Amino acid sequence: MSDVSLRPGMPVLRDGLWPGRPDAGPAAQSHRIGGGLVDRGRTLGFTFNGRRFEGYEGDTLASALLANGQRLVGRSFKYHRPRGILTAGSEEPNALVELGDGTHREPNTRATVTPLTDGLVAQSQNHVGPLSFDAMAVTDLAAPLIGAGFYYKTFMWPKGFWERVYEPLIRRAAGLGRLSTAPDPDSYDHGYLHCDLLVIGAGPAGLSAALAASRAGARVIIADEDRRFGGRLLAETYEVNGGSGAAWAAQTAAELAASDRVTCLQRTTVYGAFDHSVYGAVEVPARQDHRKPRQIHWRIYANRAVLAAGAIERPIAFANNDRPGIMMAGAVRAYINRYGVAPGRCASVFTTSDDGWRTARDLAASGIEVAAIIDTRPRDAVQAPPVQGVRAIYDAEVANTRGRLGLTTIRLTNGEEIYSDCLAVSGGWNPSVHLTCHKRGKPEWRDDIAAFVPSADAPQGMTVAGAANGTFSLAAALTSGHAAGAAAAQELGFGAGADAAARADDEPTGVKPHWYVGASAKQGRAWVDYQNDVTGKDIAQAHMEGFRSVEHAKRYTTLGMATDQGKTANLIGLALLSEAAGQSIAETGTTIYRPPYTPVPIGAFAGRARGKAYRPTRRTPGHDWAAAHGASFVETGAWLRAEWFAQPGETHWRQSVDREVMVVREAVGICDVSTLGKIDVQGPDAATLLDRLYANMMSTLKVGRTRYGLMLREDGIVFDDGTVARLGDDHFLITTTTAQAGRVFEHMEFCHQGLWPGLDVSFESVTDAWFQVAVAGPKSRALLERIVDAPFDLSNTAFPFMACSALNVCGGTPARLFRISFSGELAYELVVPSRYGPALMDRLMQAGCDLGVAPYGVEALNVLRIEKGHAAGGELNGQTTAAMLGLGAMVSAKKDCIGKVLSKREALVDAKGPRLMGFRPVQREAEIDAGAHFIAKDAEPSLATDEGHMTSVAYSPTLGHMIGLGLIDRGADRIGEIVVAYDAVRGRNTDVEIVSPYVYDPDGGKQRG
């Protein structure tokens, strides 16, 4: 194709002409030039806003859009101003798009790090109507009225407008992308990795560090957010070891991948550094279908780490510096050299450093016209060699720009206008210090590079290398990375390695701090934060209104929030704030960098723990047996338990529950109680540990006996109750409530490891190892005598109340038997290995057929325990004390235990405080409700007259009316008094009589018989 200009000044490219006018819209790969690392033999089709485009394998969505001439990619958050692609990496604040459609929609995805795939569907976001004609752009006209902090000032009045007017409007306007309202059909996963050395970043420094450490024999994990290792080497024309830098990166990556000591994680962002040398990382694996995980969350344990995360180029604030076509100079080089894409037809470069001259050189070498290099420095301060054929303007600045939906012209401070549809801006580089600050480290200011660098208080075991440490030249980055990797390997006991760092030249890296252009940056519309529409004027206004701390100014103006997190916006904002305060940037300081480094979807944190897998449902060994016998089930914590066992003719759950209660009271019932926590405790100091954990004395418990135990929290509140059985001198078995089993075990682990590590004791949760069945009722002994192997004696003399023993049942099956009762009847709990559970239930039913045996569920169990006055979930709610529950005497005066001191606080033992009592309606046919509050007769319901509340209620078939347990002030002194159970929710007020909580067999004769 011959070289023909479209109009005077229109550039001619070596691969041909740009078709059409600058505003004619995108054409098929119209901005594709020669070179690059993409595979031009594989064309990929994709759609953007419903329009079909093509790109190549190796493109990102951003590079493919630029290749097709699509400069306008989105709208800003606040003013809905046109936005184009600014960067080529994860720091991108503008090019946020929605990927996919329907249930697979993924909003706020950075186009700059989204690999192009065949069939990719992308939508721009944050606009109403077409992208090029956003109806919400009218907010830009109201900019003078909605500056920094306007929402704090505007929506205060009229007071009644907030819920009816302001909040609905704000909610409709808020947000960027749209989430699908349907459940996410994709899966996410979790994984754990261990290594000697974690290398974060696979640029020249990271590759050098990984190579040195792995050759020394260390196990290395190297992670990079890009799908291809190499970092800036992929975007530059550097030479390493006399050849292409990109080729060296590929060769090094191949060696690392082939090593059995190295794990290479592409498209993996290490987003946070945490305690104990643990690092969080999220991998986005390549996948051909939706059956593979969308993301994998890795928890990496590393003995040492090398942070080689590179640096982020910073912009310069000047009027209208946000137009599509204005890009970072390093990003322009990336699109030219890596992707073979021209960001524009006629480019200019605005720079404060030698880095901008490299961009001009690469632009010219690619055949793209360079209208001018505008350098803020004088000629003698520039170390970079001149670019042949390109006009250089020194001591100059870009003051303003033109172009409605994209850049067309730039205007200098001297009034000169230059046609450019691309402006490459280089304000210097900021080291990526983020991960060094995640454990409250504070970066330090370096004047020579005009940027913050990591300080000495980086996380323990972390070394920073390359550009992340302010070492910007290639040779220095290679050397520092190699030294960091070799040193880490040597510290871990591996050899130092004999290889030297790869060779490269030191390119010029000089920079002059230049944050903004003239007064326009502080008074006009010079953009500091592109995503949140924060201007230099907003920063000055925040300082004027008293928000002078960097943290206050950040929140008042929203500077550096959302996905940016200060990557591109932070330092300019700090410069403007420090100037307003009349101090240096070092004195002003920086905001606190917190994880995550880049956004992490909640799905990645959740992994597979969603839906039913969020909290896996646990089933007892007797679950299938209960289902076969007509049980209805209820979730109790993580368990499914049988509620009741309906029999033919029973049409209401109360019929089933009432029958089951009476079976226990009159004959014998069996109930699966395997969900109770079981912890086996053994060792010479087992009794000592239990004495310290429980409020009552356990060391005096005799072998073969069981004791009710009460456990307190450190603040004196009841933590849990259960039983402690002594099976041997140094062997105990404790049971906990179903709900607290896990927490009690964690508490014991903490106490042993953290408080008393010297105790010789070990314990293990054996909840799943044993099937446990309660056998309760006046005929329970007769039933057990039919299955217990001889010569075991079940008589009251030989096996009294609260006894325990190992024995055999059903002809040799090993078992344990505990004579304990929470129903008030003669009762036992029989325990066998889990696999025998269903068979045991069958054997009990067969053996007790003539005794009237029947299974009962948790509803009947609840009625039985309320009749007997036992505290359970409603009473053990994390707010009650032993004294409130009538168990104050259990807090032993002979020993210390966790929570004992604070349990004696005056307010907690005040006799006027609430006490657990029983309640029955004065009118026996009346209903009472859990949660009802107690009010004195003839008193007006209010907080001042509230005397307590009902904790548990049930219909008692034994007594023929409803009963309840509740906490009421001075309860023990008020037996026989009538109060009102006031239920505002249900609109029911019931007169109830205060009675003893032990309404059934208060003397306990039946359970001891």
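See the structure printed just above.
Note that the coordinates shown come from a computational prediction; the quantities given were computed from them, not determined experimentally.

(A) Here's a closer look at helix 17 (residues 686-693). Counting buried positions over the 8 residues of helix 17 gives 6, a clear majority of the element. Those residues of helix 17 not exposed but buried are Ala 686, Ala 687, Leu 689, Leu 690, Asp 691 and Leu 693. On the buried face of helix 17, the contacting elements are strand 35 (677-682), strand 36 (706-712), strand 37 (718-728), strand 38 (731-736), helix 18 (741-755) and strand 39 (762-765).

(B) Fine view of the pairing of strand 38. The buried count for strand 38 comes to 6 of 6 residues, which makes it a mostly enclosed element. Burial along strand 38 is two-sided: the face carrying His 731, Leu 733 and Thr 735 and the face carrying Phe 732, Ile 734 and Thr 736 are both buried. Bridge count for strand 35 against strand 38 is 6 bridges, and the pairing is antiparallel. The partner of Asp 680 across the bridge, within strand 38, is Leu 733. Sheet topology note: the strand 37/strand 38 ladder contains 5 bridges and is antiparallel. Along strand 38, the bridge assignment pairs Val 724 with Ile 734. Hairpin geometry of strand 37 and strand 38 is characterised by an intervening segment of 2 residues between the two adjacent antiparallel strands.

(C) Here's a closer look at the sheet that holds strand 45 (residues 914-921). Pairing is antiparallel in the closed barrel, where 6 strands are placed in the order 45-48-47-46-49-50. Across the sheet, the mean angle from the axis of one strand to that of its neighbour is 45°, orientation sign disregarded. In terms of strand pairing, strand 45 meets strand 50 (residues 988-995) through 4 bridges, oriented antiparallel. In the sheet register, Gly 918 faces strand 50, and the bridge partner there is Val 995.

(D) Local environment of the environment of Phe 494. Following the sequence through the fold, Phe 494 ends up in the loop between helix 8 (474-491) and helix 9 (520-523). Along the primary structure Phe 494 and Tyr 998 are separated by 504 residues, whereas in three dimensions their C-alpha atoms are 71 Å apart. Residues contacting Phe 494, with those up to four places away along its chain left out, are Asp 196, Ala 216, Gly 217, Ala 218 and Ala 489.

(E) Representation of the packing of helix 10 (residues 536-544) against helix 12 (residues 570-581). Helix 12 packs onto helix 10 with a crossing angle of 40° between their chain directions and a minimal axis gap of 9 Å. Classified by the interaxial angle, the pair formed by helix 10 and helix 12 is oblique. For the crossing formed where helix 10 meets helix 12, the hand is right-handed. Packed against helix 10, whose contacting residues are Gly 536, Ile 539 and His 543, the element helix 12 presents Gly 573, Leu 576, Leu 577, Ala 580 and Ala 581 at the interface. By residue class, the composition of the contact of helix 10 with helix 12 is 5 nonpolar, 3 polar and no charged.

(F) Up close: the packing of aromatic side chains. Enumeration over the complete set of coordinates arrives at 16 aromatic pairs. Judged by centre distance (3.9 Å) and plane angle (15°), the rings of Phe 547 and Tyr 556 are stacked. Assessed through its relative accessible area of 5%, Tyr 556 is described here as buried. Pairing Phe 745 with Phe 763 gives two aromatic rings, centres 5.7 Å apart and planes at 80°, and the pair type is edge-to-face. Of the two residues, Phe 745 sits in helix 18 while Phe 763 sits in strand 39, which places them 18 residues apart along the sequence. Feature note: the residues Tyr 271, Phe 274 and Phe 605 constitute an aromatic cluster, connected by ring pairs. In this structure, Arg 692 is placed above the aromatic ring of Trp 756, and the distance from its NZ or CZ to the ring centre is 5.1 Å.

(G) Seen up close, empty space enclosed by the protein. Summed over all chains, the structure comprises 7 cavities of 30 Å³ or more. If you add up the space inside the second largest cavity, you get close to 150 Å³. Along the wall of the second largest cavity there are 18 residues; nearest its centre are Thr 620, Ala 626, Ala 642, Phe 645 and Asp 672. Considering each element in turn, the lining of the second largest cavity owes the most residues, 4 residues, to strand 33 (residues 639-645).

(H) Molecular detail of the sheet that holds strand 7 (residues 120-124). Spatially, the 5 strands line up as an open sheet ordered 2-1-7-5-6, and their pairing is mixed. Two strands in the sheet have a free side with no partner beyond their single neighbour: strand 2 (51-57) and strand 6 (106-110). Adjacent strand axes in the sheet meet at a mean angle of 40° when their direction is disregarded. Pairing geometry for strand 5 (residues 96-99) and strand 6, over 3 bridges, is antiparallel.

(I) Highlighting unusual backbone geometry. With an omega dihedral of 5°, the bond running from Pro 595 to Pro 596 counts as a cis peptide bond. Mapped onto the elements of the fold, Pro 596 is located in the loop between helix 13 (585-588) and helix 14 (602-606). Between Ala 790 and Pro 791 the backbone carries a cis peptide bond, its omega angle lying at 10°. Among the secondary structure elements, Pro 791 is positioned in the loop between helix 19 (780-785) and strand 41 (804-809). Despite not being glycine, His 276 has its phi angle at roughly 65°, a positive value. Relative to the elements of secondary structure, His 276 occurs in the loop between strand 13 (268-274) and strand 14 (278-283). Judged by its relative accessible area of 73%, His 276 falls in the exposed class. For Asp 938, which is not glycine, the phi dihedral falls at a positive 70°. For Asp 938, the position within the fold is in the loop between strand 46 (933-936) and strand 47 (946-956).

(J) Spotlight on the pattern of salt bridges. One pass over the full model with this rule turns up 44 salt bridges. A salt bridge links Glu 236 to Arg 232; its shortest N-O distance comes to 2.6 Å. Its relative accessible area of 28% is what places Arg 232 among the partly exposed residues. Arg 974 is the partner of Glu 947 in a salt bridge, and the nearest nitrogen-oxygen pair spans 2.9 Å. One end of the pair, Glu 947, is in strand 47; the other, Arg 974, is in the loop between strand 48 (961-969) and strand 49 (978-983), and 27 residues separate them in sequence. Each of Arg 232, Glu 236, Arg 333, Asp 355 and Arg 358 takes part in a single network of salt bridges with overlapping partners.

How each quantity is defined
- Residues numbered from 1 in each chain as written.
- Predicted model: local features only at pLDDT ≥ 70, side-chain atom pairs only at ≥ 80, totals over all residues.
- Heavy atoms only, no water.
- Buried < 20%, exposed > 50% of the residue type's maximum accessible area, 1.4 Å probe, protein only.
- Helix = DSSP H or I, 4+ residues; strand = E, 2+ residues; numbered from the N terminus.
- Contact = heavy atoms within 4.5 Å.
- Pairing = 2+ DSSP bridges.
- Axes fitted to C-alpha atoms, helices over the stretch in contact; angles between N-to-C directions.
- Parallel < 35°, antiparallel > 145°, perpendicular 65-115°, else oblique.
- Left-handed = near helix turned anticlockwise from the far one by under 90°.
- Nonpolar A, V, L, I, M, F, W, Y, C, P; charged D, E, K, R; others polar.
- Phe/Tyr/Trp six-rings, centres within 6.5 Å; stacked < 30°, edge-to-face > 60°.
- Lys NZ or Arg CZ within 6 Å of the ring centre and 35° of its normal.
- 1 Å grid on protein atoms, 1.4 Å probe; cavity = no way out; pocket = protein on both sides within 12 Å on 5 of 7 lines; lining within 4 Å.
- Points joined across faces, edges and corners; volume = space filled by probe spheres on them.
- Salt bridge = Lys/Arg side-chain N within 4 Å of Asp/Glu carboxyl O.

Keep in mind these values describe shape, not function.
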